[in-house]
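# Residue-level structure breakdown
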Amino acid sequence: MIHIDSAFDSGNIKVERCGGPQDIVLTIHKDAASDFYQWFHFRLSGARGQACSIRITGLNGSAYPGGWPGYRACMSADRQQWHRAPTEFDAKSDGGTLTITLTPDADQVWLAYFAPYSLERHHDLIARIAACPGVRADVLGRSIDGRPIDRLVIGDGPATLWLYGRQHPGESMAEWWMDGALARLTDAGDPVARKLRQLATIHVVPNMNPDGSVRGHLRTNAAGVNLNREWAAPSIEKSPEVLCVRDAMDAVGCDIAMDVHGDEAIPQVFIAGFEGIPSITERQLALLGGFKTRLARISPDFQTAKGYPKARPGTANLAMSTNQLAERFGCLAMTLEMPFKDNDDLPCADFGWSPARSQHLGRDCLAAMLETLIDDLGGLMG
Ligand code: ZN
């Protein structure tokens, strides 16, 4: 007997029909109080050795229909290694249908839009990093459902760095990135980390949206609010997660900020800047360009040719965190985007973009930040 289950941390799927291994039809629940849907995560049981065809329908109405062509679903039997499964998308079938074909070699397999980073894993991460020498951990505030917004503070240098991710909870690669960056930052023998800890105080918020993460949302918090449209006027009613982080930033300032995301459609790693903010300076643009050049040299997974179009002068949306922070602090603020699919400039047939590659990118971004601090922000060091 085949079963499909999703009543667990970050689960999301609705069973429309389960008539046998070749007759599994599913849809994705919308984020609470909103129209966004794209994240899925479920367990398939009882299909060992049977050729299965899993169809997820109605995807032309999903948040990013451009995310499905060329996409391959993530699959795991042990919830440690996530392979890519053969996947096809047909926009003309049942309102847009993703068909995943697999023959499980285990009684139970998990399928997800991207390798999940559960809230339990988040708490393991916080506990592990908080136990490292010199790390301070605190709670900046609470989510709508009452979950803590955790911050880790590492280093004691004069520059102030902010790393934060998962405003969009379905972009779980963002917390894998945090996992890699935090491992490096707390590595006692890593020279990049040692120097960064001397030059900077690094504030890390690994998960801005714990409610959306647990609920299996793509894009919003428990109130159906897109947190990355709340930074101009966050409120305790709609976006306490942003309000508490922005207040903490106001308390200590910001020299470099990185907001970590995943992009559904573009098969590359790229950075979006703040070109359209009203008070932009040549200095800020030079910092942004310098950082991107360095990261492209350090990591073959990063590039600068493809990405979002830049906002025209004066047209930036100040409700988005990168624009708000660049305007508010006159600092270098960046939105880092990793692919759900793969980096097509350096593709991986087995895994596509993966937790391991997200972790490596987190490490490499720290190296680029250190170079930026030394070469471009030397004035901060007195
Ligand atoms: Zn995002």
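Everything discussed here concerns the structure shown above.
Every value quoted in this text rests on a predicted model; they were computed, and no experiment measured them. (Residues numbered from 1 in each chain as written. Predicted model: local features only at pLDDT ≥ 70, side-chain atom pairs only at ≥ 80, totals over all residues. Heavy atoms only, no water.)

### Structural notes on the coordination of the zinc ion
- Donor atoms from the polypeptide that bind the zinc ion are H168 (ND1), E171 (OE), E171 (OE) and H261 (ND1), placed at 2.1 to 2.4 Å.
- One can describe the donor arrangement at the zinc ion as irregular, given that its four donor atoms subtend angles of 58 to 147° at the metal. (Donors = N, O, S within 2.8 Å, 3.2 Å for Na, K, Ca; no water. Tetrahedral: all angles 85-135°; square planar, octahedral: opposite > 155°, others 65-115°.)

### Considerations on the environment of G224
- Tracing the backbone shows G224 in the loop between α4 (210-215) and α5 (240-252).
- Remark: the alpha-carbon pair of G224 and F340, spanning 116 residues in sequence, is separated by 22 Å.
- Leaving out residues up to four positions away in the same chain, G224 has contacts with A32, A33 and S34. (Helix = DSSP H or I, 4+ residues; strand = E, 2+ residues; numbered from the N terminus. Contact = heavy atoms within 4.5 Å.)

### As for the environment of G67
- Looking at where G67 falls in the secondary structure, it is placed in the loop between β5 (52-56) and β6 (74-76).
- Those residues in contact with G67 that sit more than four places away from it in its chain are Q38, E264, A265 and K341.

### Looking at the packing of α5 against helix α7 (residues 321-329)
- Two elements in contact, α5 and α7, have axes whose closest approach is 12 Å; the angle formed by their N-to-C orientations is 25°. What the angle tells us is that α5 and α7 run roughly parallel. For the pair α5 and α7, the sense of crossing is right-handed. Residues R246, M249 and D250 of α5 form the contact with α7, whose own contacting residues are L325, R328 and F329.
- Partitioned by chemical class, the residues of the contact of α5 with α7 number three nonpolar, no polar and three charged. (Axes fitted to C-alpha atoms, helices over the stretch in contact; angles between N-to-C directions. Parallel < 35°, antiparallel > 145°, perpendicular 65-115°, else oblique. Left-handed = near helix turned anticlockwise from the far one by under 90°. Nonpolar A, V, L, I, M, F, W, Y, C, P; charged D, E, K, R; others polar.)

### Notes on the pairing of strand β4 (residues 41-45)
- The element β4 is largely enclosed, with a buried count of four among its five residues.
- Examined bridge by bridge, strand β1 (residues 3-5) and β4 share three bridges and lie antiparallel to one another. Pairing of H3 across the sheet is with S45, part of β4.
- With five bridges joining them, β4 and strand β10 (residues 108-112) adopt antiparallel strand pairing. By the bridge assignment for β10, H41 is matched with A112. (Buried < 20%, exposed > 50% of the residue type's maximum accessible area, 1.4 Å probe, protein only. Pairing = 2+ DSSP bridges.)

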